[in-house]
Amino acid sequence: MKVRIFVTLKDGVLDPQGKAIHHALESLDFSGVNDVRAGKLIELDVDPSVSREEIDRMCDKLLANTVIENYEIELPEMTSGTVS
Amino acid sequence: MRSAVIVFPGSNCDRDMAVALETVTGQKPHMVWHGDSELPSGLDVIAIPGGFSYGDYLRSGAMASRSNIIKPVMDAAQRGVRILGVCNGFQILTEMGLLPGALMRNSNIHFVCKDAELDVVNTDTIFTSGYLENTPILTPVAHHDGNFFADTYTLDRLENEDRVVFRYRSEINGSSRNIAGIINEAGNVLGMMPHPERAIDKKHGGTDGLPLFESLLG
């Protein structure tokens with residue numbers, strides 16, 4: 001099954017990449033963009049036997065640095081109906 | 001004095017570090033590959049060098065800090081072995097959890113490569129006892145992810161416990177409170193973004209890194 005993990009910087013953590021993207025959008029004359037935050041999307045293809053707790057552990061141990069990042073796990077609707 | 005340098009795929013300051021250690025100790029350090037699961041016995045110093053381990057994939061230092069050799073390095077840290085992490089080595093130490101905070105992309109996004117003036121904020125550590133108080137030093141910096149971040153509580157704690165060891169004299173990468181290097185609570189693990197191993201010979205343009213190795217290796 002395909003699991004999607006969104007890794008984003010915590011609120012209050014400066015995001016230089018997001019700022020650069022914001023600046024680039026403005027220089028392309030797009031207006032009305034108030035802020036940009038850039039993150040990562042990590043897609044895992046895992047066996048159905050892999051539990052949600054196991055995926056949490058993967059995030060805590062490697063995929064996100066919880067000093068500066070938050071993560072959200074998106075499981076396929078059909079399997080669990082859970083989207084955190 | 002027995003020392004080791006940990007080598008990861010993508011390390012590029014491992015040889016500079018080895019030369020610095022050998023210059024001061026007169027003995028060649030052990031070069032230890034990241035895939036090994038044990039360290040040579042009787043080490044006094046372990047250096048984690050600069051570079052771009054694993055191409056900085058995922059986050060700088062993230063993959064390296066999960067490699068085989070890390071468990072024995074953690075055990076050595078617990079036993080009080082002196083551990084010096086420079087640049088990517090500092091990033092790896094924070095990813096290992098041996099030092100607090102994180103090294104993020106430089107606030108102006110640019111790779112910074114120049115000599116930086118540092119204050120040696122604490123000369124009362126096993127790494128810095130050879131430096132004079134109130135005497136700035138000049139060391140090369142070369143990094144993209146040197147922007148030290150920690151929450152206010154952690155920053156206050158680091159300062160109150162005299163664990164900020166080096167500070168940039170002027171802002172270069174957005175680091176909280178201009179922090180360039182910190183030490184752990186026990187005082188045996190130092191992480192710093194500037195490169196003391198690139199300032200140990202007059203031909204380098206300066207020798208301000210030498211006292212660090214002399215202090216460390218005593």
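Residues numbered from 1 in each chain as written. Chains lettered and ligands numbered in written order. Predicted model: local features only at pLDDT ≥ 70, side-chain atom pairs only at ≥ 80, totals over all residues. Heavy atoms only, no water.

Student: Explain the interface of chain A and chain B to me, please; I cannot follow it from the model alone.
Tutor: Taken together, the 17 residues of chain A in the interface contact 15 residues of chain B. The interface formed by chain A and chain B contains one salt bridge. For the salt bridge of E69(A) with R59(B), the shortest nitrogen-to-oxygen distance reads 3.7 Å. The tally of links between chain A and chain B comes to five residue pairs in polar contact (both at pLDDT 80 or more). Where the side of chain A that touches chain B is concerned, the elements lending two or more residues are α1 (16–27), β2 (40–45) and α2 (52–63) of chain A. Of the residues assigned to the side of chain A that touches chain B, the class counts are 11 nonpolar, three polar and three charged. (Contact = heavy atoms within 4.5 Å. Salt bridge = Lys/Arg side-chain N within 4 Å of Asp/Glu carboxyl O. Polar contact = N/O pair within 3.5 Å; in protein donor to acceptor, adjacent residues only side chain to side chain. Helix = DSSP H or I, 4+ residues; strand = E, 2+ residues; numbered from the N terminus. Nonpolar A, V, L, I, M, F, W, Y, C, P; charged D, E, K, R; others polar.)

Student: How should the sheet that holds strand β10 (residues 179–183) of chain B be read in this particular structure?
Tutor: Backbone-to-backbone hydrogen bonds join strands into a sheet, with any given pair of strands oriented parallel or antiparallel. Residue and element names in this part refer to chain B. With mixed pairing, nine strands are arranged side by side in an open sheet as β2-β1-β3-β4-β11-β10-β9-β6-β7. With one partner strand each, in any of the chains shown, β2 (30–33) and β7 (137–143) form the two edges of the open sheet. With direction set aside, neighbouring strand axes in the sheet form an average angle of 25°. With three bridges connecting them, strand β9 (residues 164–168) and β10 associate as antiparallel partners. Opposite F166, over in β10, you have G181 as the bridge partner. (Pairing = 2+ DSSP bridges. Axes fitted to C-alpha atoms, helices over the stretch in contact; angles between N-to-C directions.)

Coordinates in, geometry out; function isn't part of it.
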